[in-house]
Amino acid sequence: MKTLIKNGTIVTASDTFQADILIDGEQIALLGRDLSDGDATVIDATGKLLLPGGIDVHTHLDMPFGGTFSSDDFFTGHQAAAFGGTTSHIDFVIQNKGHSLRQAVDEWHAKAQGKAAIDYGFHVAITDLTEDVLAEIPSLVQAGIPSLKLFMAYKGVLQVDDTTLFRTMQVAAQHGMLVMVHAENGDAIAELIKQHLAQGHTAPKYHAITRPAIAEAEATGRAIAMAGMTGATLYVVHMSCEESIEQLVLGRAKGFNVMGESCVQYMFLFEQDLDKPGREGAKLVCSPPLRQPKDAPVIWQALRDGTLQVVSTDHCPFWFDGSQPGRKPGKELGADSFDKIPNGVPGIEDRMGVMWHHGVNGGRMSANRFVEITSTNPAKIFGLYPRKGTIAIGADADILVWNPDKEYTISAANLHGAIDYSLYEGMVIRGGADQVLLRGHLLVDGGAWTGQRGAGQFLHRNAHAAIL
Ligand SMILES: [Zn+2]
């Protein structure tokens, strides 16, 4: 099977140039001017840009949380991703307490089995570090999972103590593995939640009030210090505010191997939005919580200047109204109190469009930098490059035929995942994918689904990935 994409302009993290792309099988075989091949199916990309498929390294599909599961499984989440121009993602395996890491990984493989429609990898979140589990960590490298996650929040559920974090970092440093942290001071937050509930404070806005920015900054600084002590490579997920980004700047200035990501929502929605009438604020409950308007320009600047390397979504959708037939319970679980609202927001379908429109069209970054933070850096940091993350000979043919003139309005009614609301309802976007290819196969063609359930492949990733 051959495909020839003609007359487009290729945009990578480093270059912009006009060339045709010949795809042979699942890889890019040739880049050049005026290519022809009698056997190839031709896609005319005149006036279009050709971008590497998006890679979202922070997602939670079919994830257990607070007595329910995130609403997207490995099929609906993948369809949503593909329509938005994301062709690979890395999801978090969560170790159940008492289980081995192998058991946890097997459980997540089963979730994806027969459903996956885009390529997917896993990180493993350690919640219960016994001596056996510690000894098991290096085996994850052979399993193609060279990244670990530790939660410094969610006390009594996912949170680990500093001993666990420190010992995991030591082992990770020895084996070329990456350590990711959810950085919030869970002990302090647990006390604040108790105190506010005791005062009858149950509205959604108290979710943010009990998780102040300084609690994120403190945990970020603590994790960075431990990365410095152990020599581990650290990647701080979902950095939401100026206070924590300051800690990252300090750590990088000291020469520690520390990197960070932010998520789209932190640039567009703020703490004040949690105080909308009724239970509307429940839609916006995620952790870390939405912050202040002053944080958005700081995040944009950090994404632009390289302080932050990646923009992801932390896609962890829950139905706003999960009481309807066929739905898993959702945000209504927290109807009586903010601490019962499942934490998470949808975003996997919106990331590429929103970042393109507000980043590139908005004059905040070049198209090359957009490619870098949505695809190339995710591939490099997480051991997928150069198979993924760029348009080059020999790379997987994960290609977006990107129409910079395509205009649409984001609305829940048009989304493809299992979700009944959008964070960006009514936002007008210019720029989107007309065609989406994964390893040479068309997933989306002019707004129609042409992908295949079960065709997504597990990404066996390399250790010793880049430090950017
Ligand atoms: Zn997350």
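In this text, all values refer to a predicted model and were calculated from it rather than measured experimentally.

Remarks on the pairing of strand E5 (residues 27-32)
- Relative to E5, strand E4 (residues 20-24) runs antiparallel, the two sharing five bridges. Residue pairing for E5: Leu22 is matched across the bridge by Leu30.
- The turn joining E4 and E5, which pair antiparallel and follow one another in sequence, is formed by two residues; a positive phi near 70° is taken by Gly25.

Some remarks on the packing of helix H5 (residues 162-174) against helix H8 (residues 213-230)
- As a packed pair, H5 and H8 sit with axes 9 Å apart at the nearest point and diverge in direction by 45°. Relative to H8, the element H5 is oriented oblique. The interaxial crossing formed by H5 with H8 has right-handed handedness. Residues Leu165, Phe166, Met169, Gln170 and Ala173 of H5 touch H8, and the partners they reach there are Ala223, Met226, Ala227 and Thr230.

Describing the domain arrangement of the chain
- Taken as a whole, the chain is organised into domain 1 (2-51 + 388-449) and domain 2 (53-361).
- Look at where the C-alpha atoms of domain 1 and domain 2 centre, and you get two points 28 Å apart.
- In this assembly, 27 residues from domain 1 lie in contact with 35 residues from domain 2.
- Among the secondary structure elements, those contributing two or more residues to the side of domain 1 that touches domain 2 are strand E18 (399-409), strand E19 (428-438) and strand E20 (441-445).
- Per-element tally for the side of domain 1 that touches domain 2: the top contributor is E19, with seven residues.
- Grouping the constituent residues of the side of domain 1 that touches domain 2 by class yields 17 nonpolar, six polar and four charged.

A word on helix H10 (residues 295-305)
- Within the span of H10, buried status applies to Asp295, Val298, Ile299, Ala302 and Leu303. The buried residues of H10 occupy one face: seen down the axis, they fall within an arc of 135°. For H10, the exposed residues set more than 90 degrees away from the buried face come down to Pro297 and Asp305.
- Buried residues in H10 make contact with helix H9 (242-253), strand E16 (258-263), strand E17 (310-312) and helix H12 (367-381).
- Positioned one or two residues after H10, Gly306 has a phi angle of 95°, which is positive.

A few points about the nonpolar core
- Leu50, Val124, Val179, Val181, Ala223 and Leu234 are the most contacted members of the largest nonpolar core, which totals 146 residues.
- Both domains that furnish three or more residues to this core are identified here as domain 1 (2-51 + 388-449) and domain 2 (53-361).
- Ignoring any residue separated from it by four or fewer positions in sequence, one finds Val124 in contact with Val93, Gln95, Leu101, Ala104, Val105, Leu140, Ile145, Leu148 and Lys149.

Overview of helix H11 (residues 351-361)
- Counting buried residues along H11, eight of its eleven residues qualify, which places the element largely inside the surrounding structure.
- Residues Arg351, Met352, Gly353, Val354, Met355, Trp356, Gly359 and Val360 constitute the buried set of H11.
- Contacts made by the buried residues of H11 are with strand E8 (54-59), helix H1 (76-84), strand E11 (86-94), E17, H12 and E19.
- Where H11 terminates, the next one or two residues include Gly363, which has phi positive at roughly 75°.

Cut-offs and rules
Residues numbered from 1 in each chain as written. Predicted model: local features only at pLDDT ≥ 70, side-chain atom pairs only at ≥ 80, totals over all residues. Pairing = 2+ DSSP bridges. Helix = DSSP H or I, 4+ residues; strand = E, 2+ residues; numbered from the N terminus. Axes fitted to C-alpha atoms, helices over the stretch in contact; angles between N-to-C directions. Parallel < 35°, antiparallel > 145°, perpendicular 65-115°, else oblique. Left-handed = near helix turned anticlockwise from the far one by under 90°. Contact = placed C-beta atoms within 7 Å. Domains from an automatic or database assignment. Nonpolar A, V, L, I, M, F, W, Y, C, P; charged D, E, K, R; others polar. Buried ≥ 20, exposed ≤ 12 C-beta atoms within 10 Å, placed from the backbone. Arc of directions from axis to C-beta. Core = buried A, V, L, I, M, F, W, Y, C linked by C-beta atoms within 7 Å.

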